[in-house]
Amino acid sequence: MDINSLGLHPELVQRLGELGVVEIRNGCVRADEISKLHKIIRLRRSLGVNLPGACIIVDLLDRIEELEQEIERLRRRR
């Protein structure tokens, strides 16, 4: 999706790209990364978390979700 059509300031999206949070190619962000962007914005607005802190929180939440899925997959194998 084009970074100008996300409803977020394009400079913010560029900054997140520089931080490695999202991958920007040809001025676009992959659709599966858009929810990550909105989570970061919610953390900043709702809790006042700074940008690097919000990025770390979202990364940790993603890792937790992956681990929970792995645990569930392993439970099904029994």
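Residues numbered from 1 in each chain as written. Predicted model: local features only at pLDDT ≥ 70, side-chain atom pairs only at ≥ 80, totals over all residues. Heavy atoms only, no water.

*Asks:* Please explain helix H2 (residues 31–47) as it appears in this structure.
*Replies:* Helical periodicity: at 3.6 residues per turn, an α-helix aligns residues three or four positions apart in one direction. Taking 1.5 Å as the rise per residue, H2 with 17 residues should run 24 Å; its terminal C-alpha atoms sit 25 Å apart, in good agreement. Looking at H2, one finds that the buried residues are Glu 33, Ile 34, Leu 37, Ile 40, Ile 41 and Leu 43. Residues of H2 that are buried in the fold lie against helix H1 (10–18), strand S2 (28–29) and helix H3 (51–77). Of the residues one or two after H2, Gly 48 is the one with positive phi, at around 70 degrees. (Helix = DSSP H or I, 4+ residues; strand = E, 2+ residues; numbered from the N terminus. Expected span 1.5 Å × (residues − 1). Buried < 20%, exposed > 50% of the residue type's maximum accessible area, 1.4 Å probe, protein only. Contact = heavy atoms within 4.5 Å.)

*Asks:* Explain the packing of H2 against H3 here, please?
*Replies:* Each pair of packed helices can be summarised by the angle the axes make with each other and by the distance between the axes. Contact pair H2 / H3: the axes reach a minimum separation of 9 Å and the direction vectors enclose 130 degrees. One element, H2, and the other, H3, form an angle in the oblique class. Two packed elements cross with a definite hand, and for H2 against H3 that hand is right-handed. Facing H2, whose interface residues are Lys 36, Lys 39, Ile 40, Leu 43 and Arg 44, H3 presents Leu 51, Ala 54, Cys 55, Ile 57, Val 58 and Asp 62. In terms of residue class, the contact of H2 with H3 is built from 7 nonpolar, no polar and 4 charged. (Axes fitted to C-alpha atoms, helices over the stretch in contact; angles between N-to-C directions. Parallel < 35°, antiparallel > 145°, perpendicular 65-115°, else oblique. Left-handed = near helix turned anticlockwise from the far one by under 90°. Nonpolar A, V, L, I, M, F, W, Y, C, P; charged D, E, K, R; others polar.)

*Asks:* Help me understand the nonpolar core, please; the structure alone is not making it clear to me.
*Replies:* Soluble globular proteins tend to pack their nonpolar side chains together in the buried interior. In terms of nonpolar packing, the biggest core is built from 19 residues, with Leu 6, Leu 16, Val 29, Leu 37 and Ile 40 touching the most fellow members. A total of 5 residues in this core trace back to one element, the largest contributor, which is H2. Residues contacting Val 29, with those up to four places away along its chain left out, are Met 1, Ile 3, Leu 6, Val 13, Val 22, Glu 23, Ile 24 and Leu 37. (Core = buried A, V, L, I, M, F, W, Y, C linked by side-chain atoms within 4.5 Å.)

*Asks:* Please clarify how the pattern of salt bridges should be interpreted in this entry.
*Replies:* Opposite charge on two side chains allows them to pair when their charged atoms are near. Going through the model one piece at a time under the given rule, you end up with 7 salt bridges. Where Glu 23 meets Arg 25, a salt bridge forms, and the shortest distance between an N and an O atom there is 2.4 Å. For Arg 30, the salt bridge identified is with Glu 23, shortest N-O distance 3.8 Å. Three or more residues joined by partner-sharing salt bridges are found here, namely Glu 23, Arg 25, Arg 30, Asp 32 and Glu 33. (Salt bridge = Lys/Arg side-chain N within 4 Å of Asp/Glu carboxyl O.)

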